[in-house]
Amino acid sequence: LQFLYLIARPQPELMVLQRVVLNQADGHPAVAFRPRPGEPSTRMYPNGTTVMRVGQEGEFLKVLSHEGQMGYVKARNAVAPKARTAPVAQPVPQQGGLVQLRAGSLNRSAATAPAAPASAPVPAAPAARPVEAEPSYPRGGVCSFTVNGTPHSINLAKVDMAVDMSVHDWLEANVPTSGSRQSCRQGRCGACVLALTYKAADGGSVTKSFNSCLRPILACNGMEITTSRGLGSAAQPHPIQKAVADHFGTQCGFCSSGMVMNLYAQLMEGEKTAAELDASITGNYCRCTGYRPILSAYRSFGKDAAAKAEERAGAAAGTAAKKAAAFGTTAADLPTPTGHVACSAPKAAVGKRVNVAGAGAAGEQWVEVASEADLQGLLHRMAQSKSASYFLVGGHTSKGLWPLRDSQVYLSIGGIASLKTCAPAADGSGVWIGAGATMADTLTFLNSAAKQYGAATFSKIVAHGQLSPSNHIRNVGSIGGNIMIAHSNTNTPFLVDWPMLFEAAGGVVEVVTPSGEAKRIPLGAAFYSTDLTYCYLRRVWLPFGTKTTFFATYRHSPRHVYSEAFVAAAMACEIDPATKAISAPRLVFNGLAAVPSRVPAVEQALAGVKVADEGAFQALLALLHRTVNPLPSLRGAPAFRRSLVLASFYKFFLAMNEHARTGQVGPTVLSACDSWLQRETTSGTQTYTQDASVAPLNKAVPKIDGVKQCTAEAQYIQDIPLPAHTLYAAPVYAQKVGTFTVSDAGVAEKFPSYKGLVLAKDVPDNASGGVVFADGATKYVGQPIALALAGAKEQAVKAANAVSVAYTDVKEKLVISVDDGIAATAFYPDQKANHVKVGDVDAAFKTCDVVLEDTWLMNGQYHWHLETQSVLAIPTEDGLECHSATQMPVDVQKGLVSTLKLDAAAVVVKNKRLGGGFGGKLTNSIPPAQMTAVAAHARGVPVQMIMEYKDNLACFGFRPDWRFNYKIGANRDGTVVACKLECYYSAGWLDGDNASAFEGLAFLGSFDNCYSLKNWQVDSFSVKTDLPPTTSMRAPGWVQGIWSAERMISTVAGALHMDVNDVRTKNFYKADGKQVTPYGCPLPHFDMPTMYAKHLSSTDYAKRSQAAADFNAKNRWVKKAVAAVPSKFAVIYGPAEAAFDCKITVNRDGSVSVMSGGTEMGQGLTTKVVQTVAYRLGVGMDRVRILEQSTSVIGSTGAADGTGGSIGSELSCFAATNCCNAINEALAPVRRLHPKAEWNALVAAAYDLGINLSVMKKDEGVAPPVNPLGDIYNTYGSAVVEVTLDVLSGQVDVGFADIVFDLGRSVNPMVDIGQIEGGFVQGLGLALTETVKYNRTNGQVEHGEYYLPTRWEIPTELNVSLLNATPNPVTAGGGKAIGEPPLTLAYAAVEAVDKALAAAAADANATPARNTSTPVTVEQRNLLAANSYTSFKFKY
């Protein structure tokens, strides 16, 4: 078909083009200019004009002038558009990003705010542009980018993939050596963080960190992706990688590459101070280290690092001196600060950006929109045709909120420069912020504008905007997308703060309609109720404000940063300088409804009020209390959120008075003016001793895998290169309890690579090895029903969610909590071992001066190992090879042997290392391995399953809830005489009637902690619930026992009005070597009375307590408190636990190969084994290599509990020592023949003589248990913690923590200190932030409401000391177990919070309210403070 066209240029000139041909190639319309055969499809004319025929039917001409202007013209005699097969239904656009809503009015709960005068007039909207011809794009186009300097491209005409495939998934499939990590797939954890380099508006380049699990690979067109492997290698690491490793900043290592890339992106921005780098971790989790060593590495790159290090050294010297005097320790010798390092991207030019468009595997469309004209035309065409669902892609960060988006058209608008423009308004009234501008760029722009124009409002917005979301989300997520998340909050509200901030500042949104009309709508209720279908946001106007403008913001969230707020507030007004009268108030709150909400009645009453009028303020408070009615469907109890609204308004009024200098704010309430608690740069001191005579034992050497973890060369299950034809698996699991049927009808049509379901019928034995898949009926919510298989990972996940499960005979009233189980008497049969009785408690109670009763709940805790349950099952000619992220490979093997009905010799389980475990990969790792192995066995192809975080949380259990009921008898001097303790813990649903007894047994080995009572009666019961079986988590049973003992002591102290430490010391076991615990464990080395006293003295505990009391007397609404706790942790070996194998082979060249029965999961086990082998054989550590675990070699690993209980390292070292002793014995004759031979020559001589230097040994020789529980010895520790409490909000800052442990002679002091810091911070999560929440109706876990400690929740100052103690004679290296004991010390934070609340109660003349459960969350703290708005005063 031939055509002749006329093109209208931007200037009135005409140009006649040559003949063109419509080419029907590849089965779909594509247009090419072909005046002669072989010429390119795009023509550039001599004057610089480029013309391309575009459109699915070739109906448009796209013209790009040499000035850069672009337009579209309808072609004459174009082929008539073909009839569309898409449904002509109203579109159902997806949530998140720059989304558009379905047509029709929205029901909003927020009332329309009264009209309030803005601080500057709103600029008039420009006239509507004429609607240009609607463009359409053909399938095809090449997306080009580079990865670590290597060019890559995706031709959408040839590649069959989902168009929203993430960068991580694409790299995993196409560049498997990239080192990208998968964990939460929600943009929360930061394990996936990489760096993205792209061209800036000024022609330079910009590098930003981003979450590779969220960003589509097609959105990286023309960009450079850098991973940790692109920076350096283990042989030649980048300075960042080396620094993190040298500072002991890695443990499991799964977060390490993300931490490295975050710092790399920070340094790519230019020089920064140590404090700025310290504060830059806002979107990276570390579950292992407690962040302190990572932050130490970060600070070392500050431009002021040397000076700051000197300051820190001076401050630390005092701490170290006190520790030296008390414990004989010396400070750690850390690496010299590096200072700023100029970073650069790998040498490759940033790719040229070209338009990409095409269809994905499921028929969905991806269109890279180049201009607003294109965007408007496309939306206009969709509006006319009522096209199917679409989604505007900016940063695509909302995928973390709504991952199962199912749009038919994705419009990528990230390359539209006009939408990213931020500039002052032409009339000088304020600034315009492009809707496509990232949050990070907006913060930078507003910060600059605040300084240039003196706009204080902007400074407040900048400070608030840095609190959430994470820096990685801010780097790519757009302002418009954030606003539209609020606009789309209809079904699953997620509260974002930018719309609230802009509304309070008087912001106006410019919306472009499909017809090209630009409408300007003030942010507020009218905007949220406006139908924006087929519209897009162009920009947001913010006024500068005036000298009389006052603006303040407040944010109350589960943790300091990076979490959705319970309540946030932005409030603004004008304050007359002369009269101090308020006008034009705007009070905007998040957390009352699904969108930011105003309070019109209060705003109207506030207008005209004078700032210093306390009576008017009290009346306004009462009005606000009556007016505010938070929706119950949002997170946080309505009463709690109302309290936060009132507190925010109080803070706002106090701050206004300070701003206006009225002199009305009393000195005791000044600290309440702050928006939130401020934190300082972190610091810490580590002290210990080293014995050079046993080096490399007792030496602080960095972990052997540290550098490899930082370069992402350390291999985890998901890094194993996949064999050909590997399928990906995702679980389908029970949403209800009842009978069910499964259907996957229509799934294959929707997801082309879908390969079907694996069900119970496919399991050779679905019983003897445990139920793999539910068969016809589900027993608990979360029980696996099937596996969905697909050729692409994301399609497997989406297919699993698309499978239909129909339920009948559904159990209506679920048993969810431990209290539900108690009420329903849903107990497992009595376990006699879970009961202890010493003395006669009932008779003893009659002799006591006081008898107290108490009840207390310890909620559960999720392991959150960053590496989720991960399996790769590969059929072999002999059976099956299973790579499993497990702490117990032999038990996994047993499960597979039973399930598959194979011989043990046919099933080999392998594992190199884990990305964290904490007990979550003990029994929990068996079902994922069974499911994946069944799929591989049934289909005859390799199958990989890397579980999604939400699925991991839903399917498998975690630390159980515990309910404690106390009856305690004591005398007036503080002596505790008797205690009767009833304990109930949730065991979940278990097949049969035998709940795991270990949790209860460990509890019985610790309920006394350090206290000697003559009369005990302790009974623990396991409760059956309708949830997955609970499992061990770091210090299982121990932490509940020790915390329950401390609760008992503090209960007695409170009732007797005694200092709790006096009660502690009164009840300590005697340090006479003759004491025996109620469960029969002798305490020959108990010295806690002396250790505890020295610790309190070395931390100036008395002075700190007095300083806190003095501070509290001067501050009504901010309180400080100091607390200390001791810990006696009983280390348990049983005959089965003491069964670790080790195989060592001395190779002919003198190198040493070691396969250890203990699993490395971050605790430094392999490093300690290498130190042990090097010491015992007399070789350098560099000659020793750790091999991958394999059950074909290691036969008895983890015979009972795998690697856990903190004993894996010492037992592995014990087995390695036995191997080395045997090797040395074999070498003895050779040494006599060659007394002067060096190691290599000695080994060569032994080989020449035919001597076997390959030995396998167990940990024979371990001391026998001292009681039936399996106790061997005790690890002793204590902690001092200081907290600051914002009484009005409940926010807590842990400002100081000092920890001391007796670890004998540590094999590696800094590795053990890392375990202490990480365990303690994990304990802070258990104490203050982490709680697993379930929907009370359906039992679904609410995975979005789980809050790990971040860098901002750790102690600002964290000091750790290891006592100069004698070697432990029980272990091979002289050390002690340390992985779990530190977690127990976090109870000090619980007690400190109670003290702070008591100080607040004293000011209110109220009875102190103690916590009723842990974690003592911000919500519980706020409610316990029982703040009455009637007590909110300007002065006291």
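None of the values given here were measured: they were computed from a predicted structure. Residue indices begin from 1 for each chain and proceed along its sequence in written order. Whole-chain, interface and lining totals are the exception, using all residues; otherwise, since this is a predicted model, local features are given only for residues with pLDDT of at least 70 and side-chain atom pairs are given and counted only at 80 or more. As a rule here, side-chain values cover all heavy atoms of the structure and leave hydrogens and water aside.

**Some points on the environment of Pro 942**
Numbering of helices and strands runs from the N terminus; a helix is a DSSP stretch of H or I covering at least four residues, while a strand is a stretch of E covering at least two. With respect to the helices and strands, Pro 942 occurs in the loop between α23 (926–939) and β40 (943–946). Exposure classes here rest on a 1.4 Å probe applied to the protein chains alone. A residue is buried below 20% of its type maximum, exposed above 50%, and partly exposed in between. Look at Pro 942 and you get buried, because its relative accessible area is 9%. When the C-alpha atoms of Pro 942 and Ala 724 are compared, they prove to be 8.0 Å apart, with 218 residues separating the residues in sequence. We call two residues in contact when some of their heavy atoms are within 4.5 Å. Once residues lying within four places of it in the same chain are set aside, the contact partners of Pro 942 are Pro 723, Ala 724, His 725, Thr 726, Leu 727, Ala 873, Ile 874 and Pro 875.

**Topic: the packing of aromatic side chains**
Here a Phe, Tyr or Trp ring, Trp counted by its six-membered ring, pairs with any other such ring whose centre lies within 6.5 Å, and the pair is stacked when the planes are under 30 degrees apart, edge-to-face when over 60, and tilted otherwise. Tallying each qualifying case throughout the model produces 49 aromatic pairs. An aromatic cluster is defined as three or more aromatic residues linked by ring pairs; in this entry it consists of Trp 856, Trp 962, Phe 964, Tyr 966, Tyr 985, Phe 1003, Phe 1007, Trp 1016, Trp 1043, Tyr 1079 and Tyr 1387. Working rule: Lys NZ or Arg CZ, within 6 Å of ring centre, within 35 degrees of ring normal, means a charge sits over the ring. The residue whose ring lies beneath Arg 1116 is Tyr 1436, and the NZ or CZ to ring-centre distance is 5.5 Å. It is Lys 1120 that lies over the ring of Phe 1111; its NZ or CZ is 5.0 Å from the centre.

**As for the nonpolar core**
We call a set of buried Ala, Val, Leu, Ile, Met, Phe, Trp, Tyr and Cys residues a nonpolar core when their side-chain atoms join them within 4.5 Å. Core analysis: the biggest nonpolar cluster contains 165 residues, and Phe 649, Phe 652, Phe 653, Trp 1043 and Phe 1320 have the highest contact counts within it. Among the elements that make up this core, the one with the highest residue count is helix α16 (residues 638–660) (13 residues). Phe 1320 has contacts with Ala 1279, Val 1281, Ala 1297, Ile 1299, Pro 1355, Leu 1358, Pro 1382, Leu 1383, Leu 1385 and Ala 1386, leaving out every residue within four places of it along the chain. Formed by 88 residues, the second largest nonpolar core is a distinct cluster that contains Met 259, Ala 714, Tyr 733 and Val 892.

**A word on the sheet that holds strand β22 (residues 508–512)**
Within a beta sheet, neighbouring strands are joined by backbone hydrogen bonds and run either parallel or antiparallel to one another. Note on pairing: DSSP must find at least two bridges between two strands before they are called paired. With antiparallel pairing, five strands are arranged side by side in an open sheet as β20-β21-β24-β22-β23. Both outer strands of the open sheet, β20 (422–424) and β23 (518–522), are each paired with one neighbouring strand and no more. Across this sheet, the average inter-strand angle for adjacent strands is 20°, counted without regard to direction. For β22 and strand β24 (residues 536–543), the ladder comprises five bridges, and the chain directions are antiparallel. Note on β24: the bridge partner recorded for Val 509 is Val 540. Here an axis means a line fitted to C-alpha atoms, over the contact stretch when the element is a helix, while the angle between two N-to-C directions is reported on a 0 to 180 degree scale. Where helix α8 (residues 439–453) meets the sheet, it contacts β20, β21 (430–434) and β24, and its direction lies at approximately 170° from that of β21.

**Some words on the confidence of the model for the protein**
Confidence in the prediction for the protein averages 87 pLDDT; 87% of positions are at 70 or higher. Below a pLDDT of 50 lies the segment residues 63–120, which in the model reaches 186 contacts outside its immediate sequence neighbourhood of four places, other chains included. pLDDT is defined as a per-residue confidence score from the predictor, taking values between 0 and 100. Across residues 348–353, where pLDDT falls below 50, the model places 18 contacts with residues more than four positions away in sequence or in other chains.

**Here's the deal with the packing of helix α26 (residues 1038–1056) against helix α27 (residues 1060–1067)**
Viewed as axis vectors pointing N to C, α26 and α27 meet at an angle of 120°, and their least axial separation amounts to 9 Å. By the criterion of interaxial angle, the relationship of α26 to α27 is oblique. Regarding α26 and α27, the two cross each other, and that crossing is right-handed. Between α26, through Glu 1046, Ile 1049, Ser 1050, Val 1052 and Ala 1053, and α27, the contact on the second element is made entirely by Val 1060, Val 1063, Arg 1064 and Asn 1067. The labels follow the angle: roughly parallel below 35 degrees, roughly antiparallel above 145, roughly perpendicular from 65 to 115, and oblique for the rest. In a left-handed crossing the near helix is turned counterclockwise from the far helix by less than a right angle, and in a right-handed crossing that turn is clockwise.

**Examining unusual backbone geometry**
Along the chain, Ser 468 connects to Pro 469 via a cis peptide bond; the corresponding omega equals 0°. Omega for the bond connecting Thr 1414 with Pro 1415 falls within 30 degrees of zero, at 0°, which places this linkage in the cis form. Looking at where Pro 1415 falls in the secondary structure, it is placed in the loop between β53 (1413–1414) and α35 (1418–1425). Of note in the backbone geometry, His 396 takes a positive phi value of approximately 65° without being a glycine. Take His 396: it is sitting in the loop between β18 (390–393) and β19 (409–412). With a relative accessible area of 2%, His 396 lands in the buried category. Even without being a glycine, Asn 1009 presents a positive backbone phi close to 45°. Counting through the fold element by element, Asn 1009 comes out in the loop between α25 (998–1004) and β43 (1015–1024). On the basis of relative accessible area, Asn 1009 is assigned to the buried category, the value being 0%.

**Some words on helix α28 (residues 1088–1098)**
Taken together, the buried positions of α28 are occupied by Met 1088, Met 1091, Tyr 1092, His 1095, Leu 1096 and Ser 1098. On the buried face of α28, the contacting elements are α6 (305–327), α27, α29 (1101–1114), β44 (1118–1132), β50 (1271–1286) and β51 (1292–1302). A positive phi of about 55° marks Asp 1100, the residue just after α28.

**Things to note about the environment of Val 1154**
Topologically, Val 1154 is positioned in strand β46 (residues 1152–1156). Note on Val 1154: relative accessible area 0%, which makes it buried. Remark: the alpha-carbon pair of Val 1154 and Arg 1185, spanning 31 residues in sequence, is separated by 6.1 Å. With sequence-adjacent residues up to four places away left out, Val 1154 is seen in contact with Cys 1142, Lys 1143, Ile 1144, Val 1169, Val 1173, Val 1184, Arg 1185, Ile 1186 and Leu 1187.

**A look at the side chain of Glu 1330**
Looking at where Glu 1330 falls in the secondary structure, it is placed in the loop between α33 (1309–1329) and β52 (1357–1362). In terms of polar contacts, Glu 1330 uses its side chain to reach the side chain of Arg 287, at 2.7 Å. In protein, a polar contact means a hydrogen-donor-capable atom and an acceptor-capable atom, both N or O and within 3.5 Å, with residues adjacent in sequence counting only if both atoms are side-chain atoms; elsewhere, any N or O pair within 3.5 Å suffices. Looking at Glu 1330, its side chain comes within polar contact range of the side chain of Tyr 1346, at 2.5 Å. Not counting the four nearest positions on each side in its chain, Glu 1330 is found in contact with Arg 287, Gly 860, Gln 861, Tyr 862, Gln 1322, Gly 1325, Tyr 1346, Tyr 1347, Leu 1348, Pro 1349 and Pro 1415.

**Examining the pattern of salt bridges**
When a carboxyl oxygen of Asp or Glu is within 4 Å of a side-chain nitrogen of Lys or Arg, the pair counts as a salt bridge. Under the criterion given, the structure shown has 51 salt bridges. With a shortest N-O distance of 3.0 Å, Arg 1336 and Asp 820 are connected by a salt bridge. A residue pair is termed long-range when its members are at least 10 positions apart, and Arg 1336 in the loop between α33 and β52 and Asp 820 in helix α20 (residues 818–823) qualify at 516 residues.

**A few points about α27**
An α-helical segment advances 3.6 residues per turn. Residues three or four places apart therefore align on the same side. All of the buried residues along α27 are Val 1060, Asn 1061, Val 1063, Arg 1064 and Asn 1067. Here the buried residues of α27 occupy an arc of 155° about the axis, which is enough to place them on one side. Elements in contact with the buried residues of α27: β42 (976–988), α26, α28, α29, β44 and α34 (1387–1403). Two to three positions downstream of the cap, the backbone nitrogen of Asn 1061 sits 2.8 Å from a side-chain oxygen, assigning the N-cap of α27 to Asp 1059. When we speak of the arc, we mean the arc of directions from the helix axis to the C-beta atoms.

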